[in-house]
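# Working through the structure, step by step
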Amino acid sequence: MAQAPAGAPPAYPSAAGAVGSLPSLGDSSDLSAAAERRIGERIAASIYRDPDYIDDPVLTDYLQGIWQPLMAAARARGELPAELDERFAWQLFLIRERSINAFALPGGYFGVHLGLVSTVTSADELAAVLAHEMSHVTQRHISRLMTQQSKQAPWMIAAMVLGALAASKNPNAGSAAIVGGQALAMQGQLNFSRDMEREADRVGFGVMSDAGYASRGVSSLFEKLQQANRLNDNGSFPYLRSHPLTTERIAEAQARVQLASKARPSPDPQAADSRAQLLHAMMAARARILAAPGVDALRSLLADAQRRAAAAPAASMRDAGALYGGAFAAAQLRDFAAARSLLGRLAPLAADLGPAAGKAVQLLGIEVELMDGRAPALPAATDIAKAASRAELLLLARALMAANRAPEVSQALQVWVAGHPGDALAWQLLALSSSQQGQPVRAIRADAESRAAQLDYSAALDRFKAAQGLMRSRPGSADHVEGSIIDTRTRQIESILKEQALQDKVNR
């Protein structure tokens, strides 16, 4: 599923280390990887419950297509130790916020605001941000800061976790729970030092370069941040508050880019990156719309797409992002005729868009039909088991259920969750397909697993016990294997909750 960018050049020995001669800061943390992961899980659990958390399979696949090559490069460079690779989550959260921000949390959890995805102009710029945040974690910056805090006040770590949890439960916090509570409260406590920022710049640059991303992504990103600095940050760029720019950082970044360009000249962007740019333009438009910009903004996106569609007999490649955004905006406005019309203008371009962008258009067509309450017209030979991505799998699952083909959906999703047990959305769809087939115990068990995947172990335990109760009251409602799995998972969740209670008692 997650592949390196199309046409990415092979990895080369990075020249980044030659700039600034920055040695590694070393790992001076007394906090174990397991302890940091536990702290991260508590914060992640509150993010899952926040209304601004969003799991959009299409955007998540796009981010994973950038993230996984970065992870592979970090491993190959030796920046990601085996212990951290195994113990940390390395998981991205999408946050429904229009501000430009990304943040790292303890234990390998990372937040990405939709505003960041919609504002950067290329996958290279997005890779620059993600590689920087990843490097804060691989270099143990967060754990070092937490260790320093706890040395000054032993209760600091527990207070930070409880503060994040309280923020998400505060009814007056509303949609600001993440921005005003979890992310910024954490980053307010964990302000990275200048040396840490420089180290994350250096390591992150090497990681993104070795992952095949163009070094110009760093320079163009810094230009945007510089401009935001000059215009006096009005709150739209919280990233600047947690990662302040300095002339030293900017100069070092420019020097790295120049050195990298000499070591490996960048390919012609017009020839090499056109398809990647088209895909990013579509995903940026999608992020902008999912950030809930309001009816007026949606109408503006739709009107722009319609003007472009009417300006020429045939749509051009440069209009693909606007047409995709216009179609998605129209569907959000429930103007499905306009959405289908714009998708019709995109269809002739599918062959030239490239596999990834062409698939994005195809999946949007399925999504529009589902939003209109219709069963998408899929070929009879559609095989969900051959889905090439998570987004395709989950959208096909919804489409096939709408066409009363739930058994196929259950079979494919069972295979998927066996390999991806932390996919809460897949478990939720499996619960729906099981219920559609009159299998209540399997439906309740899948619902329990979806809650466990989002770290809500109390709710998961309630659902597992509900499944046990149903099996007792209705003998034969589940087979022996299903019953055994439910009993085992109930004991496992009970054990996790007991361990959490013990940790809470120790931290008081």
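Look up: the structure comes first, before these words.
A few points on the structure. (Residues numbered from 1 in each chain as written. Predicted model: local features only at pLDDT ≥ 70, side-chain atom pairs only at ≥ 80, totals over all residues. Heavy atoms only, no water.)

## Let's talk about the overall build of the chain
Each helix and strand in the chain was counted, giving 25 helices and four strands. For the chain, with 508 residues in total, the buried portion stands at 53%. (Helix = DSSP H or I, 4+ residues; strand = E, 2+ residues; numbered from the N terminus. Buried < 20%, exposed > 50% of the residue type's maximum accessible area, 1.4 Å probe, protein only.)

## Focus: the pairing of strand E4 (residues 109–113)
Of all five residues that make up E4, five are buried, and the element is covered over most of its length. With five bridges connecting them, strand E2 (residues 91–95) and E4 associate as parallel partners. Note that in E4 the partner of Leu-94 across the bridge is Val-112. As judged from the four bridges shared by strand E3 (residues 102–105) and E4, these two strands associate in the antiparallel manner. By the bridge assignment for E4, Ala-104 is matched with Phe-110. Taking the residues that link successive antiparallel strands as the turn, the E3-E4 hairpin has three residues, and the phi of Gly-107 there is positive, at about 80 degrees. (Pairing = 2+ DSSP bridges.)

## What about the pattern of salt bridges?
In this structure the tally under the stated criterion is 29 salt bridges. When the shortest N-O distance is used, the salt bridge between Arg-442 and Asp-479 registers 3.5 Å. Separated by 37 residues along the polypeptide, Arg-442 in helix H23 (residues 440–453) and Asp-479 in the loop between helix H24 (457–473) and helix H25 (480–507) bring together distant segments of the chain. Accessibility expressed as a relative area gives 33% for Arg-442, which makes it partly exposed. Residue classification places Asp-479 among the partly exposed positions, given a relative accessible area of 39%. A single salt-bridge network, built from bridges that share partners, covers Arg-442, Arg-445, Glu-449, Asp-479, Glu-482 and Arg-489. (Salt bridge = Lys/Arg side-chain N within 4 Å of Asp/Glu carboxyl O.)

## Comments concerning the environment of Ala-255
For Ala-255, the location among the structural elements is in helix H12 (residues 247–263). The spatial distance from the C-alpha of Ala-255 to the C-alpha of Ser-219 is 9.8 Å, given a sequence separation of 36 residues.

## Structural notes on the packing of helix H15 (residues 295–311) against helix H16 (residues 320–332)
Remark: H15 packs on H16, axes separated minimally by 8 Å, with the N-to-C direction vectors making an angle of 135 degrees. What the angle tells us is that H15 and H16 run oblique. Regarding H15 and H16, the two cross each other, and that crossing is left-handed. From H15, Leu-298, Leu-301, Leu-302, Asp-304, Ala-305, Arg-308 and Ala-309 reach across to H16, where they touch Ala-322, Leu-323, Gly-326, Ala-329, Ala-330 and Gln-332. A per-class count over the contact of H15 with H16 returns nine nonpolar, two polar and two charged. (Axes fitted to C-alpha atoms, helices over the stretch in contact; angles between N-to-C directions. Parallel < 35°, antiparallel > 145°, perpendicular 65-115°, else oblique. Left-handed = near helix turned anticlockwise from the far one by under 90°. Contact = heavy atoms within 4.5 Å. Nonpolar A, V, L, I, M, F, W, Y, C, P; charged D, E, K, R; others polar.)

## Re the nonpolar core
Counting residues in each nonpolar core, the largest one holds 134 residues, and the members touching the most others are Ile-66, Leu-70, Trp-90, Leu-130, Met-282, Met-283 and Leu-413. Setting aside residues up to four positions removed in sequence, Leu-413 forms contacts with Leu-393, Leu-394, Ala-397, Ala-426, Leu-429 and Leu-430. (Core = buried A, V, L, I, M, F, W, Y, C linked by side-chain atoms within 4.5 Å.)

## Topic: the sheet that holds strand E1 (residues 53–54)
Strand pairing in a sheet takes place through backbone hydrogen bonds and is either antiparallel or parallel in direction. Read from one edge to the other, the open sheet built from four strands follows the order E1-E2-E4-E3, with strand pairing classed as mixed. A single partner strand is all that each edge strand has here, and the edge strands are E1 and E3. Sheet contacts for helix H1 (residues 33–48): E1, E2, E3 and E4; angle to E2, the most-contacted strand, approximately 30 degrees.

## Looking at the packing of aromatic side chains
For any pair of aromatic rings, the description rests on two quantities: the centre-to-centre distance and the angle between the ring planes. Applying the stated criterion across every chain yields a total of seven aromatic pairs. Relative to Tyr-53, the ring of Tyr-48 lies with its centre 5.2 Å away and its plane at 85 degrees, an arrangement referred to as edge-to-face. Judged by relative accessible area, Tyr-53 falls into the buried class, the value being 17%. A connected cluster of aromatic rings, assembled from ring pairs, spans Tyr-48, Tyr-53, Phe-93 and Tyr-109. Across from the ring centre of Phe-328, 4.5 Å away, lies the NZ or CZ of Arg-286, which sits over that ring. (Phe/Tyr/Trp six-rings, centres within 6.5 Å; stacked < 30°, edge-to-face > 60°. Lys NZ or Arg CZ within 6 Å of the ring centre and 35° of its normal.)

## Focus: the pairing of E2
Burial of E2 is extensive: four of the five residues sit out of reach of the surface. Relative to E2, E1 runs antiparallel, the two sharing two bridges. For Tyr-53, the partnering residue across the bridge sits in E2 and is Ile-95.

## Some points on unusual backbone geometry
One non-glycine residue, Ala-292, adopts positive backbone phi at about 55 degrees. Of note, Ala-292 is situated in the loop between helix H14 (274–290) and H15.

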